[in-house]
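Here's the letter readout for the chains.
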Amino acid sequence: MSEQPPTPAPTPAGAPEPEPIRWFGTTWLNRDNGYWLRRVAVSVGSLAAAAAAVLLLRFGVEGVALSDNGGFLNGLLTAAIVVCSMMAVRRTWKVLTEGKDKLTGWMAEDKSLGAVWMIGGAGSLLAYFARSLVEAPGEAVRRAAHRRAVEQYEKRRAGRSGRPGGKRKG
């Protein structure tokens, strides 16, 4: 006999719905319907994309090295790539663990630091890969928001005991 997974209880009307996550939809809530397969696919995909980004950066650095401009320029370029990657890792990790609305200061800058995020894209993809080994990237933020919404919904429902929809006669 094959064992069927338990079906979740139907949600009442007005209950909060979970927000979907890219590539996971709402499967992160109960970790069903191919959630684990998607986690593996996201991990492998982000690692492959990071490898491609590192390869592109390597071609760029080798192109500068072939121009025979000296070791200082090569060192400066390598340092810039490392710093940009570290900044991108930190920002991506914070977005995936705390949410984009918690970004402050230089991390919140999207347009003015766009070149930094592009150069540090390999680091960002590596942070995405590392987070996908733990959970669906961004799942902790969405799960916390969903729990808060469910708690508020339950408090509102609990406050309506007695005659729902009716007024008390004084």
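Residues numbered from 1 in each chain as written. Predicted model: local features only at pLDDT ≥ 70, side-chain atom pairs only at ≥ 80, totals over all residues. Heavy atoms only, no water.

### Details of the layout of surface pockets
Here is step 1 of the chain: Taken as a whole, the largest pocket spans an internal volume of roughly 890 Å³.
Here is step 2 of the chain: What lines the largest pocket is a set of 32 residues, and nearest its centre among them are V95, L96, Y128, P137 and G138.
Here is step 3 of the chain: Elements supplying a minimum of two residues to the lining of the largest pocket: α1 (35-66), α2 (71-98), α4 (121-134) and α5 (139-158).
Here is step 4 of the chain: Per-element tally for the lining of the largest pocket: the top contributor is α2, with six residues.
Here is step 5 of the chain: Of the residues contributing to the lining of the largest pocket, the split by class is 16 nonpolar, seven polar and nine charged. (1 Å grid on protein atoms, 1.4 Å probe; cavity = no way out; pocket = protein on both sides within 12 Å on 5 of 7 lines; lining within 4 Å. Points joined across faces, edges and corners; volume = space filled by probe spheres on them. Helix = DSSP H or I, 4+ residues; strand = E, 2+ residues; numbered from the N terminus. Nonpolar A, V, L, I, M, F, W, Y, C, P; charged D, E, K, R; others polar.)

### Section: the pattern of salt bridges
Here is step 1 of the chain: If you walk through the whole model with that rule in mind, you get eight salt bridges.
Here is step 2 of the chain: The partner of E62 in a salt bridge is R58, and the shortest N-O contact between them spans 3.0 Å. A residue pair is termed a helical-turn pair when its members lie 3 or 4 positions apart in one helix, as E62 and R58 do in helix α1 at four residues.
Here is step 3 of the chain: Measuring nitrogen to oxygen at the nearest pair gives 2.7 Å for the salt bridge that ties R143 to E139. Of the two residues, R143 and E139 both sit in helix α5, four residues apart, roughly one turn of that helix.
Here is step 4 of the chain: When salt bridges that share partners are traced, they join R31, E139 and R143 into one network. (Salt bridge = Lys/Arg side-chain N within 4 Å of Asp/Glu carboxyl O.)

### Overview of the nonpolar core
Here is step 1 of the chain: Judged by nonpolar contacts, I21, F24, W28, Y35, V42, L96, Y128 and A136 together constitute the single largest core of eight residues.
Here is step 2 of the chain: In contact with Y128, other than residues within four places in its own chain, are W23, V42, S46, T92, L96 and P137.
Here is step 3 of the chain: Counting residues in hydrophobic clusters, the runner-up holds five residues, among them C84, A88, V116 and W117. (Core = buried A, V, L, I, M, F, W, Y, C linked by side-chain atoms within 4.5 Å. Buried < 20%, exposed > 50% of the residue type's maximum accessible area, 1.4 Å probe, protein only. Contact = heavy atoms within 4.5 Å.)

### Topic: the packing of α1 against α4
Here is step 1 of the chain: Orientation of α1 relative to α4, taken along the N-to-C sense of each, is 160 degrees, at an axis distance of 8 Å. Judged on the interaxial angle alone, α4 and α1 are roughly antiparallel. Two packed elements cross with a definite hand, and for α1 against α4 that hand is left-handed. In this structure, α1 contributes R39, V42, S43, S46, L47, A49, A50, A53, V54 and L57 to the contact, and α4 contributes A122, L125, L126, Y128, F129, S132, L133 and V134.
Here is step 2 of the chain: Each residue belonging to the contact of α1 with α4 can be placed in one class, and the counts come to 14 nonpolar, three polar and one charged. (Axes fitted to C-alpha atoms, helices over the stretch in contact; angles between N-to-C directions. Parallel < 35°, antiparallel > 145°, perpendicular 65-115°, else oblique. Left-handed = near helix turned anticlockwise from the far one by under 90°.)

### Quick look at α5
Here is step 1 of the chain: Between its terminal C-alpha atoms α5 stretches 28 Å, which fits the 28 Å expected from 20 residues at 1.5 Å a residue.
Here is step 2 of the chain: For α5, the set of buried residues is E139, R143, H146 and Y153. Here the buried residues of α5 occupy an arc of 90 degrees about the axis, which is enough to place them on one side.
Here is step 3 of the chain: In this structure, the buried residues of α5 make contact with α1. (Expected span 1.5 Å × (residues − 1). Arc of directions from axis to C-beta.)

### Side note on the confidence of the model for the protein chain
Here is step 1 of the chain: On average, the protein chain scores 87 in pLDDT, and the residues at 70 or more come to 87%.
Here is step 2 of the chain: α4 holds the highest mean pLDDT among the elements of the protein chain, 95, whereas α5 holds the lowest, 91. (pLDDT = per-residue confidence, 0-100.)

### Considerations on unusual backbone geometry
Here is step 1 of the chain: Here the phi dihedral of W23 falls at roughly 70 degrees; this positive angle occurs in a residue that is not glycine.
Here is step 2 of the chain: Within the fold, W23 resides in the segment before α1.
Here is step 3 of the chain: According to the relative accessible area criterion, W23 is exposed, its value standing at 54%.
Here is step 4 of the chain: Residues other than glycine seldom take positive phi values, yet R31 does so here, at roughly 55 degrees.

### Quick look at the packing of α1 against α2
Here is step 1 of the chain: Where α1 meets α2, the closest approach of the two axes is 9 Å, and the angle between their N-to-C directions is 160 degrees. On the basis of their axis angle, the class for α1 and α2 is roughly antiparallel. Considering how the two elements wind past one another, α1 and α2 form a crossing that is right-handed. Across the interface between the two elements, L57, V61, V64 and A65 from α1 touch L73, N74, L77 and I81 from α2.
Here is step 2 of the chain: Of the residues assigned to the contact of α1 with α2, the class counts are seven nonpolar, one polar and no charged.

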